[in-house]
Structure formats: structure tokens, C-alpha cells
Amino acid sequence: MTHASPRFRSVLDSFPVYRPGRTPVSATGKTHKLSSNESPFAPLPSVVEVIAEAARSVNRYPDNGAQMLTQAIADRFGVPAQHVAVGCGSVGVAQQLLEAVGEPGAEVVYAWRSFEAYPTLADLAAAESVRVPLRDETHDLAAMADAITPHTRLVFVCNPNNPTGTVVHAAELEDFLDRAPADCLVVLDEAYREYIRDEAVPDGVNLYRDRPNVAVLRTFSKAYGLAGLRTGFLIAHEPVAAAVRMTMLPFSVNSIAQAAAVASLAAEDELLERVEFTVKERTRVREALVADGWTIPPTEANFVWLRLGEYTAEFAAACEAEGIAVRPFAAEGARISIGDADANDAFLAIARAFPHRNA
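Quantities reported herein were computed from a predicted structural model and do not represent experimental measurements. (Residues numbered from 1 in each chain as written. Predicted model: local features only at pLDDT ≥ 70, side-chain atom pairs only at ≥ 80, totals over all residues. Heavy atoms only, no water.)

## What to know about the packing of aromatic side chains
Then comes step 1: Applying the stated criterion across every chain yields a total of 14 aromatic pairs.
Then comes step 2: For the ring pair Phe 315 and Phe 354, a centre distance of 5.1 Å and an interplane angle of 90 degrees mean the geometry is edge-to-face. Here Phe 315 is found in helix α11 (residues 312-321), whereas its partner Phe 354 is found in the segment after α12 (341-353), with 39 residues between them in sequence. Exposure class is identical for Phe 315 and Phe 354. Each is buried.
Then comes step 3: The lysine or arginine in question, Arg 76, covers the ring of Phe 77, its NZ or CZ lying 4.5 Å from the ring centre. (Phe/Tyr/Trp six-rings, centres within 6.5 Å; stacked < 30°, edge-to-face > 60°. Helix = DSSP H or I, 4+ residues; strand = E, 2+ residues; numbered from the N terminus. Buried < 20%, exposed > 50% of the residue type's maximum accessible area, 1.4 Å probe, protein only. Lys NZ or Arg CZ within 6 Å of the ring centre and 35° of its normal.)

Given below as C-alpha cells:
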């Protein structure tokens, strides 16, 4: 008797499995996790209280429609509630979008390198990825517009771009949106929006209002400090938001996450004071790196990008030896999250001593 193996989709044969940021390990001293762009701060005490209270009811299913959270988001951004959809982090909402548009023959356009989940999500949605190389470490929007074909269903514009931290400005983004066909969905992935201080960077929520083919992704994982609770959301016109709600896995935003996100919106002024600390540390870290001879692209996110090329693995190993986890991208570079002052100083000491700069 022969025993055949279960049959799986052929795409899994070459599937690029998503690898989360490493947790640092050290036998000698303090460790610093600078690999996942997390906030270095714990949730606010008022949010922790809400989380504790919500935990008392986890024997019940959450509100599948996340009505309180949806309304809170709508109120905060001044949009109709029917223009809001939530999901398991902004990456979960991105997956819902691709499930709504993806099928054999469909194309998804994005810059490369950009957020590493895009290829995985496109593959799972049976869509073909069209990668457009970065220019000067940021999106080449003219080339991306040229890459759109009648088969293109969706375009991701990650602004600020992960992992380089670079941004596109209003004029060039609006020109790109003007070139995008009305039946091609343009998704502005703004996971790091709260860290932007460049006034020339547009707010996607303002852009979407009179553009039915524009959707905006945001998350509570970064600036709001709720990475462990996995809550993200989309703002888009009703047909797009409705499609995202249709492809949502039932109950994927749990009740604690919903309560914490609502409480975080209520405490936003206090939370943004913490964001300002990260922005100041970002400036300090980048200026120190530049002073030490590194070429670091301007960043509007909560991380910096080191183009290391063939020395990427060596740099990551040097950091790991000192108990610091960074995010290497093989033969390309390393992304380093902005942590607290001690973590940033420890990273800067390694970068200062590293012999290979600017591959």
C-alpha cells in the first residue's frame, strides 16, 4: 500500500515565509530589541486598566463588526463609519484587500524593496507581483505608474516606506494618483504616519476623500503601542470598505484589542507625547550616524536604514553579539528601530566601530 502525501498549492513550494524580527539573546547583559519597529513604551496606565477590565469578558465572542471601534475611528478622522473597516493589524487588512481583488491573472504593483509581507500576501491571493525598484531609496512613482497594466488590480504605496523610512511628497503622489486608472485600487500604507514631521508629505485620509479608488491603511501597532493586540484599520469609500469587511475572518479582532484601541484613541494626546520622544531620538540617531560617516536616507518613520550590501550579515552578527537584535535584509541592508536612549546608544556604539560603511 502506498501512502500519498496531502496535496497543497504549488505556490508553497517556493513560498517566502514571513520572518518576524528576532528577539535578542545575551548571556552577559542587557538586551535591546530593535528589529520590529515596536514602540519602546508600554501602553498608558489608562489603557492598561481598560485591557484588564476587558479581560474579564473573554469568555464571550467579540463584536464581529467592531462597532464601537469603527465609530471611534470614524469620529477621530472625520469620515463616515461605513468608510472604515478593521482587521488583525494593517497587514491583516492588506490580506483582506488582496483576497478581495486577487485571482489568477491579476497583478499587484509595489516598490521593492518595501514591506516584505506584500509578496507573501500577493502569492496567497493568487495574484502576480510586479516589483518596481526603488530610486534613491524611495518609491519611483513614475515607473510604478508605467508598470500599471489592464491586469493591475491594486498598487501599494508604503509612505513612509518600510524598511528605508523614505517618503513621497504631495505633488508627486497626486500626479501618480491622477495617472492610476479608476478601476485600479491604490492603497496608501501609512503604518508610520504618526512619526512624520515633513510637512510636504500628504495625509492619505485627505487624499482619499474625492478619490474612490484610494484606500488608506493605518495601525495601532506602532505609535499607539499595541503591537501585541494586532489591530489595524482601513479608510476608503464604501465599495472598498465593504469588500474588506466581506473578506474578514470572523472575530479576528478580539475584544481586548477593540477596547484597547478605543481607549488609545481617547488618550491620543498623551500617546503622541511619546511619539515626539521617538522622533527626537530618531533625529539624534541619524545625525550621529551621518557624523560617523554613514550615508543614511532621511527617515520619517521610527527606524533608520543602513545600506550594507554584502556586509549586512556581518553587521547583524556584530549587533547580536552585543545583545541587540536588528532586522537584516540579506545582501541589502539593515533596518534598526528607534528604541529608548540606552538602546539607541548601544546601537550607535556598534555602528561607530563597524569598519564597512555605505555599501
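## A look at a nonpolar patch on the surface
Then comes step 1: Judged by side-chain polarity, Phe 8, Leu 12 and Leu 124 come together as a nonpolar surface patch covering roughly 310 Å² of accessible area.
Then comes step 2: With respect to the secondary-structure elements, Leu 124 resides in helix α4 (residues 117-124). (Patch = residues over 30% accessible without salt bridge, like charges linked within 9 Å, V, L, I, M, F, W, Y side chains within 5 Å. Areas by Shrake-Rupley, 256 points an atom, 1.4 Å probe, with all protein chains shown as cover. Salt bridge = Lys/Arg side-chain N within 4 Å of Asp/Glu carboxyl O.)

## Let's talk about the nonpolar core
Across soluble globular proteins, nonpolar side chains have a tendency to be buried as a group.
Then comes step 1: Counting residues in hydrophobic clusters, the biggest one holds 52 residues, and the most contacted among them are Ile 73, Met 144, Val 157, Leu 173, Phe 176, Phe 220 and Ile 235.
Then comes step 2: Among the elements that take part in this core, helix α9 (residues 255-266) stands out by supplying six residues, more than any other.
Then comes step 3: When near neighbours in sequence (up to four residues on either side) are disregarded, Ile 235 contacts Ile 73, Phe 77, Val 79, His 83, Val 84, Val 205, Tyr 208, Val 214, Ala 215 and Val 216.
Then comes step 4: Ala 117, Ala 125, Ala 215 and Val 244 belong to the second-largest nonpolar core, a separate cluster that totals 28 residues. (Core = buried A, V, L, I, M, F, W, Y, C linked by side-chain atoms within 4.5 Å. Contact = heavy atoms within 4.5 Å.)

## As for the packing of α11 against α12
Then comes step 1: Interhelical geometry of α11 versus α12 gives an angle of 135 degrees and a closest axis separation of 10 Å. Here α11 is positioned oblique relative to α12, judged by the angle of their axes. In the crossing of α11 with α12, the sense of the turn from one axis to the other is right-handed. Counting all contacts with α11, which are made through Phe 315, Ala 318 and Cys 319, the residues of α12 involved are Phe 347, Ile 350 and Ala 351. (Axes fitted to C-alpha atoms, helices over the stretch in contact; angles between N-to-C directions. Parallel < 35°, antiparallel > 145°, perpendicular 65-115°, else oblique. Left-handed = near helix turned anticlockwise from the far one by under 90°.)

## Examining the packing of helix α1 (residues 45-54) against α9
Then comes step 1: With their axes 9 Å apart at the nearest point, α1 and α9 run at an angle of 155 degrees to one another. Taken together, the axes of α1 and α9 lie roughly antiparallel to each other. The element α1 and its partner α9 pack so that their crossing is right-handed. Contact residues: Val 47, Val 50, Ile 51 and Ala 54 in α1; Ser 255, Ile 256, Ala 259, Ala 260, Ala 263 and Ser 264 in α9.
Then comes step 2: Looking at the contact of α1 with α9 residue by residue, the classes come out as eight nonpolar, two polar and no charged. (Nonpolar A, V, L, I, M, F, W, Y, C, P; charged D, E, K, R; others polar.)

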